[in-house]
Amino acid sequence: MNRIYDILIIGGGPAGLSTAFICQKQGLSYLVLESGKSVFQGIANTYPQGKLVYPSKPKDAPEPFLVEELRPPDKPVTVESYLQYVQHFVQHENLNVQTEVAFEDIRDERDGLTVITSKGNFKGKKVVLSFGSNIPRELSVYGDAKMVAKSVDDPSKYIGVKTLVIGGGNTAADVVISILKAKREKSDIHPVYWAHKSETFDVNKETAQRLGEEILLGGNIRLLQGATPRIGEVDDEGVDRLVIRINEFKQSDGIDLYHALSFPMQNVIACIGSQGPVPIFDKLGIQTIACTSGVCKIAKEGDRLVLLTAEFESTRKGVYIIGGAISPSFMKIAAGSIQEEKHPNLIYTAVNDAHHVVEAVRKSLGR
Ligand SMILES: Cc1cc2nc3c(=O)[nH]c(=O)nc-3n(C[C@H](O)[C@H](O)[C@H](O)COP(=O)(O)OP(=O)(O)OC[C@H]3O[C@@H](n4cnc5c(N)ncnc54)[C@H](O)[C@@H]3O)c2cc1C
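Residues numbered from 1 in each chain as written. Predicted model: local features only at pLDDT ≥ 70, side-chain atom pairs only at ≥ 80, totals over all residues.

Peer 1: Please explain helix α4 (residues 170-185) as it appears in this structure.
Peer 2: For an α-helix, 3.6 residues make a turn, and residues three or four places apart therefore share a direction. Between its first and last C-alpha, α4 extends 22 Å over 16 residues, near the 22 Å set by a 1.5 Å rise per residue. Every buried residue of α4 is listed here: T171, A172, A173, V175, V176, I177, I179, L180 and K183. Remark: S187 follows α4 within two positions and exhibits a positive phi of approximately 50 degrees. (Helix = DSSP H or I, 4+ residues; strand = E, 2+ residues; numbered from the N terminus. Expected span 1.5 Å × (residues − 1). Buried ≥ 20, exposed ≤ 12 C-beta atoms within 10 Å, placed from the backbone.)

This is how it looks when you write it as structure tokens:
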């Protein structure tokens, strides 16, 4: 970890990649750290198949798209072709991106900031947080459950093992379907256990149909309704395991009886939804302000908005936040006052934030 980048960029979506592209053009050194398997993973994960991508721009926005290269075309294309275009763009421009690196924390140093990730530490003079608004929820179990996956890039990884998928919605169902299919195609008899804390699963008709089809074709599934992940533990052989309780009998003597299943954590995928980035801001010691009635027009009473300067710098010096991570509004410090600032969650906003933040960083580095 010798190199000190001018900017470390967390997240390779529209905001992060625009930041990278502008840095490259302006001769600032940078590195994008993206947790997904490829850039624009946030979009790949959240847009439905075949969705058209629009170059939407808020009516009252004065500026054009400031990074034309990432602007979706006027005649909307499907998300699949937009993603393909972006892949080519990254290759063609030779942008400096490392994928499958998950951001964890930031440490202040005398000569800059150290970013702590799942793949080691990186050093930068400034950090731009552009990790979007969809932060996967963690399993809250006693013990550590960090090894549990939150999505599936390669379902064939689960062939030959009993797999546990946790969550009751469409995302969990999609994961179950993709693993069932991969197992069925390789005649793997090990089942997929699908667990949800409620008694009923909540999936849309189209997903339910695809799941039904997969089961009828021979998919081996075991449903665990009313099951709750309880504890992360290490077994006698040093394997990290997740224990999930599948039923519980309260007894009059106060000693409860229950059944539980224990899975190696590397066979577990938890699709339990996403949350906004506020818990990460808390962890990083970045200040937020709770909205009180009458003060905020977009956020609701009690919502916590991150506090930023007009240049998108947070209360943690050298740490900037842009894009979906600060949408739909944030608290802006300008001309001695603090006000809620509208910030629509659009590719346009993410891209233009990038332009402004690189300008600000360039000035602050005296370049
Ligand atoms: C269904 C849907 C349809 C939409 N359609 C449109 C549209 O047609 N036009 C439009 O303008 N906008 C649309 N939007 C909004 C648009 O996609 C967002 O405004 C835009 O993606 C925000 O860009 P971003 O770079 O800030 O965040 P994201 O696109 O979310 O990118 C953040 C990146 O950070 C990565 N990341 C997250 N956590 C970490 C971590 N810990 N470490 C490292 N990397 C991390 C993610 O994998 C992701 O790749 C749509 C949104 C949705 C959900």
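There is more to say after this.
Peer 1: Would you mind going over the packing of helix α1 (residues 14-26) against helix α7 (residues 347-364) with me for this structure?
Peer 2: Between α1 and α7, the shortest axis-to-axis distance is 8 Å and the interhelical angle comes to 40 degrees. By the angle between their directions, the pair α1 and α7 is classed as oblique. Crossing angle aside, the handedness with which α1 passes α7 is right-handed. Touching P14, A15, S18, T19, I22, C23 and Q26 of α1 are I347, A350, V351, D353, A354, H355, V357, V358 and R362, all from α7. Broken down by class, the residue content of the contact of α1 with α7 amounts to 10 nonpolar, 4 polar and 2 charged. (Axes fitted to C-alpha atoms, helices over the stretch in contact; angles between N-to-C directions. Parallel < 35°, antiparallel > 145°, perpendicular 65-115°, else oblique. Left-handed = near helix turned anticlockwise from the far one by under 90°. Contact = placed C-beta atoms within 7 Å. Nonpolar A, V, L, I, M, F, W, Y, C, P; charged D, E, K, R; others polar.)

Peer 1: For this particular structure, what's the right way to read the site of the ligand?
Peer 2: Surrounding the ligand, one finds 34 residues, the nearest of these being G11, G13, G42, G132 and G323. Elements with a contribution of two residues or more to the shell around the ligand: α1, α2 (41-46) and α7. The biggest single contributor to the shell around the ligand is α2, with 4 residues. Class assignment of the residues belonging to the shell around the ligand gives a composition of 17 nonpolar, 16 polar and 1 charged. (Near = placed C-beta within 6 Å.)

Peer 1: Is there a simple way to think about the nonpolar core in this case?
Peer 2: Soluble globular proteins tend to pack their nonpolar side chains together in the buried interior. Counting residues in hydrophobic clusters, the biggest one holds 58 residues, and the most contacted among them are L8, I9 and I322. At 8 residues, the largest contribution of residues to this core is made by α7. Residues within four places of I9 in sequence aside, it is in contact with G16, T19, A20, Y30, L31, V32, L33, V128 and S130. Counting 30 residues, the second-largest nonpolar core is a separate cluster that includes Y158, I166, I244 and A270. (Core = buried A, V, L, I, M, F, W, Y, C linked by C-beta atoms within 7 Å.)

Peer 1: Any chance you could explain unusual backbone geometry here in plain terms?
Peer 2: Backbone geometry follows two general trends: most residues other than glycine have a negative phi, and most peptide bonds adopt the trans configuration. Put simply, S327 and P328 share a cis peptide bond, and its omega is 5 degrees. Along the polypeptide, P328 turns up in the loop between β20 (319-321) and β21 (329-334). A positive phi angle, close to 60 degrees, is found at F40, a residue other than glycine. Tracing the backbone shows F40 in the loop between β2 (30-33) and α2. The backbone of N94 shows a phi angle near 55 degrees, a positive value even though the residue is not glycine. Mapping N94 onto the fold places it in the loop between α3 (79-93) and β5 (97-98). Owing to 8 C-beta atoms within 10 Å, N94 belongs among the exposed residues under this scheme.

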